4 protein chains.
Amino acid sequence: MIRFECDYSEGAHPEVLRRLQETNLEQTPGYGEDCHCANAAAMIKKLCGREDIAVHFLVGGTQTNTTVIKAALRPHQGVICPVSGHINIHESGAIESTGHKVLALPSHDGKITAEQIKRAWREHWEDATHEHMVQPGMVYISNSTESGLIYTLSELTAISEVCHECGLLLYVDGARLGYAMAAPGNDITFADMARLTDAFYIGGTKQGALFGEALVISNPALNKDFRYLIKQQGGMLAKGRLLGIQFEALLENDLYGQLSRKAVGQALRIMAAFAGKGYPQLFKSYTNQQFPILPDEKMKKLAEKYAFSYWQRVDENHSAVRFCTGWATTEEQVSQLIADIEAL
Amino acid sequence: MIRFECDYSEGAHPEVLRRLQETNLEQTPGYGEDCHCANAAAMIKKLCGREDIAVHFLVGGTQTNTTVIKAALRPHQGVICPVSGHINIHESGAIESTGHKVLALPSHDGKITAEQIKRAWREHWEDATHEHMVQPGMVYISNSTESGLIYTLSELTAISEVCHECGLLLYVDGARLGYAMAAPGNDITFADMARLTDAFYIGGTKQGALFGEALVISNPALNKDFRYLIKQQGGMLAKGRLLGIQFEALLENDLYGQLSRKAVGQALRIMAAFAGKGYPQLFKSYTNQQFPILPDEKMKKLAEKYAFSYWQRVDENHSAVRFCTGWATTEEQVSQLIADIEAL
Amino acid sequence: MIRFECDYSEGAHPEVLRRLQETNLEQTPGYGEDCHCANAAAMIKKLCGREDIAVHFLVGGTQTNTTVIKAALRPHQGVICPVSGHINIHESGAIESTGHKVLALPSHDGKITAEQIKRAWREHWEDATHEHMVQPGMVYISNSTESGLIYTLSELTAISEVCHECGLLLYVDGARLGYAMAAPGNDITFADMARLTDAFYIGGTKQGALFGEALVISNPALNKDFRYLIKQQGGMLAKGRLLGIQFEALLENDLYGQLSRKAVGQALRIMAAFAGKGYPQLFKSYTNQQFPILPDEKMKKLAEKYAFSYWQRVDENHSAVRFCTGWATTEEQVSQLIADIEAL
Amino acid sequence: MIRFECDYSEGAHPEVLRRLQETNLEQTPGYGEDCHCANAAAMIKKLCGREDIAVHFLVGGTQTNTTVIKAALRPHQGVICPVSGHINIHESGAIESTGHKVLALPSHDGKITAEQIKRAWREHWEDATHEHMVQPGMVYISNSTESGLIYTLSELTAISEVCHECGLLLYVDGARLGYAMAAPGNDITFADMARLTDAFYIGGTKQGALFGEALVISNPALNKDFRYLIKQQGGMLAKGRLLGIQFEALLENDLYGQLSRKAVGQALRIMAAFAGKGYPQLFKSYTNQQFPILPDEKMKKLAEKYAFSYWQRVDENHSAVRFCTGWATTEEQVSQLIADIEAL
């Protein structure tokens, strides 16, 4: 069985492991106050072209999302997000568990627009009974989205401007930020991310690390006392250095970018193979997640040899499925899959 | 200005005030452990035809909803409700503030069906990643609904059976339960409510009391330690007797039913007047809330003399509005309104 | 049985009831946005000698404490209070239910000092691992305390200055503020309260109202969006005017002060009677709560005719008990009690 | 600088790293549903001599404590623990952030007794106002404690029996369970732990793993839906296998026990050296944490060459400090320290 099921089926890129091995007997202070975290943070500040941002390393995405949103909102505030946002549907109610409503906006493709945000905000404040409703306090989007799409610089700029205008914080879930940046058509840089958002994270778990996310906070008010919140939310790793060391490995010589570009390239070849057979995409993705719509019997055929995710029924005889590539996907795996698609 | 804006514009029915006056200098224990609460509870048990239920008196509806739902759910569970449910849109995120997601189901008229509940429950458990999603744990409906509609006995029975089958608790918000029971077509009794639900409340605030809701809990597991939760949620009135006394007054000689029937009768006459002019209803309500759709200029004309609630825009020239009657609405107010409707 | 058990055994002062009766059929907007709340708020602003404060009316004390503390603290912060503080021991964990630790300081008499607060704050920040501990964010004290004692102006000023210096908010629970102000030796005015605290409340429930507390917020940052929080916490009374009307009644012609002084005078006579028999006080109270230490057999004798609260065992043969007076205590009740004490 | 500061200064035991390396390219399902987690769980069940227990792997201790306690308690319940318990003082209010009060019992040495628990429970239920207080629902202890002490089998049995009798759940924080079991005088086995507690965890982070704790739940009611709670609390590692693999390495051939015994042996030699110089212990520890009381000038002398933790001032000229050994402590480090102690 060859797995295209998700982008976290394997361990870590060998360079990451090599560094963990190499530094294993170093004695360092705990909780992220070590030299490796400091160094990785410095590398990220350089990537973002700014010294005046804060960088924190957390273990996983749900933890990072929950900690940021909890830190940002007052008790009566909620977080706007697309209905398909990870925080709305796949975190077991983690956001609500900290007391906050997720204010889901409709979205057919996992993205939302500046106009939608503005309208939701206006509707709140124009309602005569708004004190009886949850007040929007933050906007959460993912880049790339759960559907593989990316935001363009002009879209993100528009969202950022609306947020600024409405007093909403903007936070971007970057679990797959590398894959987004490797997509053809991407025109967003790390510096843009730091400039246009209050916080975003650079995903490690799905991008070559064993685990770990690098959270960048540009808004000093949001960063105030942030480490208390990481600790309270259970996200402060005792041996915090493990996070710093992994990001050092990923960011040196742009390994992060290389791995992302390779995986996206592979995904695009798979997409082309499906397209060549006339199978349309559920979402118009140019990143490492592809969502072909297949006749059910062809889907079953592929399932004999490949693991992939069932996404949704499309019609009586067709289903959308998800194929993921990742840092560990090999050329052989992709070539074999393509051959099998062509032979369907 | 004559107010048909809501059903809580005035104080309390004179009999309620008379009793408060009469008992004013009695010395009683606090926190609902007095003879009036005991007596009112006994009256409610009799109404429900059962001794094996618990009755608690709380000050308001949001408090009651929050306390019940918080008591019922484990941390990873959420409460299913119609998208228009009071807990979903008009309680400032009170439910989420206790850590639980509101799982809103679509509804065009404020009601949901047993089938919808069953489907939502099945979809949760059939999803391979259900452990990453909020588990449905309870169903919340209102009777009458926020749109003035009522559930029939067969609808409520179906919902109750589905809940039972799926291991979901069923809770009914009865802020306007009296008005529901007074509606033509209602075939639900207090005994049905106690039998078919795990908990429901008999609204006092909108039904003739100064304030207060009588919560009935039929499920002993839900009732365990319930008074701790009332206290924690800030709902345990020091002079709890004030609640007992008011419900004694309302329930004696069926004052509660009389006031409800009078108000519903008035509302139906108002509805008939609008219908006579050819103005349709937004929701097919037979209770004390009426939602006529009016041409905007007619709406403006009425607004010169009457206070009512703007509900929503229907088309370029028409709006839906809400007229409420209540225990305090006088025949003169209604007659005058009808005359003015007829003259529109 | 004559009850000296607590200060909330009866209903309300007759003038309060008279006003509720008188205004009963007025039609007003709900949720505290009526003319009576506005008027009562204006009276309180005048009492405090300031226009730039906010006044909110809530139903009860636990609700008020919880709402203020929830509004004030960020998630990693806790509230400093004396170990005997109401929020620490008698609110069923209401504060913790909103996510915040109560940081209890030792106190033998229910009071804490500026020095204790300063020390707790300093110890937090000097600890190398303070990010792993709950950060003090607010100070809660009661005046009068649960033990009947009062703070002097110089004590309150010192606490206020330390709070200011340390960036801690100061909140005073005034469930019995009237009784505190009526105590011999009190030198604190409402204006002092507004000037020295970020928020405090003027208790109604234990001071002549049916229910209700008037919350005064001097700190505009704390007041931001405060009504959302009242609603979320279940404290926004639909017929909010009931609170406004009661405070109008209590504050007009200083009824509030008169009732407080009468009750405190009665309590001091009772204290003198116990002292005359050689029974010492557990706490040196000059307010409406008195805590004599009695030989057990004398205690039992009094208990045949009077209801009072058992407080704590003092030694093998002695117990401390609590006698409370209130707005409703009559001269006859007090005279009879004194006669019986003298005859012990 | 040689570090005896804590037991998490280095990475992981080489065997742990070797296994991570070896399995790196295996493709497995995520979130702990892989064969390594299954295998490690089976090993733990065997250690405990039982099949009918559940094993979950989480990343860190605060996360594990918070998830268990949140899963166990209803909203009005709190967790009893010694005042020095990790959850009470060193988790940034994580427990309170889930809504629960920590009910701290006095303890001079980090342990509490069955009698104390029974008394706290009885005092709660005997208080006439217990509904206004937080109800004890669970007991939390650590073994070894934060002060290095261990519970004997008879002590743990007594606590377990009291918990059973009082309807309290019992949870043991085993961050340093291996070191406890390696202590001279220990008579508790893994099977005892599973039999006497509702849940406990076998610490990995401080015992040779990169990170990770193995939670054992013997109480099926507590285990119900537990994985939802792990996810909600942010503790469900995407590449869950990393936890399984590490515990496979630690548990095979009792590496866990060997590392623990070695570190405890080293600690006892250090203790003996201090004792030989006449320096008493703050806590009578026989585990890997030692708390000698040193004259301040001797402490300063040692601090020139060794990193250790300052614990507390004892008198004007003496301080208690903490020396920790761990899996990575070398014989050379210990011998050098002992030589320097002897030369003090």
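Residues numbered from 1 in each chain as written. Chains lettered and ligands numbered in written order. Predicted model: local features only at pLDDT ≥ 70, side-chain atom pairs only at ≥ 80, totals over all residues. Heavy atoms only, no water.

Asks: When you look at the interface of chain C and chain D in this model, what are you seeing that I'm missing?
Replies: Often, the extent of an interface is quoted as the loss of accessible area upon association of its parts. Each partner contributes to the interface: chain C provides 17 residues, whereas chain D provides 17 residues. Buried surface at the junction of chain C and chain D, summed over both partners, amounts to about 1300 Å²; 45% is from carbon and sulfur atoms. Between the two partners, chain C and chain D, sit two salt bridges. Residue glutamate 96 of chain D is joined to lysine 101 of chain C by a salt bridge in which the shortest nitrogen-to-oxygen separation is 2.5 Å. Summed over the shared surface of chain C and chain D, the result is twelve residue pairs in polar contact (both at pLDDT 80 or more). Contributions of two or more residues to the side of chain C that touches chain D are made by α4 (86-89) and α5 (94-97) of chain C. In terms of residue class, the side of chain C that touches chain D is made up of four nonpolar, nine polar and four charged. (Contact = heavy atoms within 4.5 Å. Buried area = accessible area lost by both parts, 1.4 Å probe. Salt bridge = Lys/Arg side-chain N within 4 Å of Asp/Glu carboxyl O. Polar contact = N/O pair within 3.5 Å; in protein donor to acceptor, adjacent residues only side chain to side chain. Helix = DSSP H or I, 4+ residues; strand = E, 2+ residues; numbered from the N terminus. Nonpolar A, V, L, I, M, F, W, Y, C, P; charged D, E, K, R; others polar.)

Asks: Just checking my understanding: could you explain the packing of aromatic side chains for this structure?
Replies: Aromatic rings considered in pairs are described by the distance between their centres and by the relative angle of their planes. All names here are of chain A. For the structure on display, the rule yields 46 aromatic pairs over all chains. Considering the side-chain rings of phenylalanine 4 and tyrosine 306, the 6.1 Å spacing of their centres and the 45 degrees angle between planes classify their relative orientation as tilted. Highlighted residues: phenylalanine 4 in the loop between β1 (2-3) and α1 (14-22) and tyrosine 306 in strand β11 (residues 306-307), separated in sequence by 302 residues. Here phenylalanine 4 falls in the buried class, since its relative accessible area comes to 0%. Under the relative-accessibility criterion, tyrosine 306 is labelled buried at 2%. (Phe/Tyr/Trp six-rings, centres within 6.5 Å; stacked < 30°, edge-to-face > 60°. Buried < 20%, exposed > 50% of the residue type's maximum accessible area, 1.4 Å probe, protein only.)

Asks: Any chance you could explain the packing of helix α6 (residues 114-126) of chain B against helix α7 (residues 153-166) of chain B here in plain terms?
Replies: Each packed pair of helices is defined by two parameters, the angle between the axes and the distance between the axes. Residue and element names in this part refer to chain B. It is at 8 Å that the axes of α6 and α7 come closest, and there the two elements cross at 20 degrees. In terms of orientation, α6 and α7 fall into the roughly parallel class. Between α6 and α7 the crossing geometry is right-handed. Across the interface between the two elements, Ala114, Ile117, Lys118 and Trp121 from α6 touch Ala158, Ile159, Val162, Glu165 and Cys166 from α7. The residue makeup of the contact of α6 with α7, split by class, is seven nonpolar, no polar and two charged. (Axes fitted to C-alpha atoms, helices over the stretch in contact; angles between N-to-C directions. Parallel < 35°, antiparallel > 145°, perpendicular 65-115°, else oblique. Left-handed = near helix turned anticlockwise from the far one by under 90°.)

Asks: Looking at this structure, how should I read helix α15 (residues 331-342) of chain A?
Replies: Think of an α-helix as turning once every 3.6 residues; residues three or four places apart then point the same way. Residues and elements named next belong to chain A. With twelve residues, α15 should cover 16 Å at 1.5 Å per step; its first-to-last C-alpha distance of 16 Å lies within 8% of that length. Turning to α15, its buried residues number three or more, namely Gln333, Val334, Leu337, Ile338 and Ile341. End-on, the buried residues of α15 take up no more than an arc of 130 degrees, which puts them together on one face. Facing away from the buried side of α15 by over 90 degrees, the exposed positions are Glu332 and Glu342. The inward-facing, buried residues of α15 abut β1, α13 (255-276), α14 (296-303), β11 and β13 (318-324). (Expected span 1.5 Å × (residues − 1). Arc of directions from axis to C-beta.)

Asks: Would you explain the pairing of strand β8 (residues 213-217) of chain C in this entry?
Replies: Side-chain positions along a regular strand alternate between the two faces of the sheet. All names here are of chain C. Among the five residues of β8, five are classified as buried, and the element is accordingly described as predominantly covered. The alternating pattern of β8 places Glu213, Leu215 and Ile217 on one face and Ala214 and Val216 on the opposite face, and all of these are buried. Summarising the sheet, strand β2 (residues 54-58) and β8 pair through five bridges and their orientation is antiparallel. Its bridge partner being in β8, leucine 58 is matched across the sheet by glutamate 213. Sheet analysis places strand β7 (residues 199-203) next to β8, joined by five bridges and oriented antiparallel. Across the sheet, tyrosine 201 pairs through a bridge with leucine 215, a residue of β8. (Pairing = 2+ DSSP bridges.)

Asks: What is the right way to look at the packing of helix α13 (residues 255-276) of chain D against helix α15 (residues 331-342) of chain D in this model?
Replies: All names here are of chain D. At their nearest, the axes of α13 and α15 sit 9 Å apart, and the two run at 10 degrees to each other. Accordingly, the angle class assigned to the pair α13 and α15 is roughly parallel. Two secondary-structure elements touch here, α13 through Gln266, Arg269, Ile270, Ala273 and Phe274 and α15 through Glu331, Val334, Ser335, Leu337, Ile338 and Ile341. Of the residues belonging to the contact of α13 with α15, the class tally is seven nonpolar, two polar and two charged.

Asks: Please clarify how the sheet that holds strand β7 (residues 199-203) of chain D should be interpreted in this entry.
Replies: Residue and element names in this part refer to chain D. In space, the seven strands of this open sheet follow the order β2-β8-β7-β6-β5-β3-β4, with mixed pairing throughout. Two strands bound the open sheet, and with one partner strand each, they are β2 (54-58) and β4 (102-105). Strand-to-strand twist across the sheet, computed as the mean angle between neighbouring axes with direction ignored, equals 25 degrees. The pairing of strand β6 (residues 169-173) with β7 spans two bridges and is classified as parallel. The residue bridging valine 172 from the neighbouring strand is phenylalanine 200, located in β7. On top of the sheet, helix α6 (residues 114-126) reaches β3 (77-82), β4 and β5 (135-142); it is set at about 165 degrees to β5, its chief contact. Sheet strands touched by helix α12 (residues 241-251): β2, β7 and β8 (213-217). Its angle to β2, the strand with the most contacts, is close to 110 degrees.

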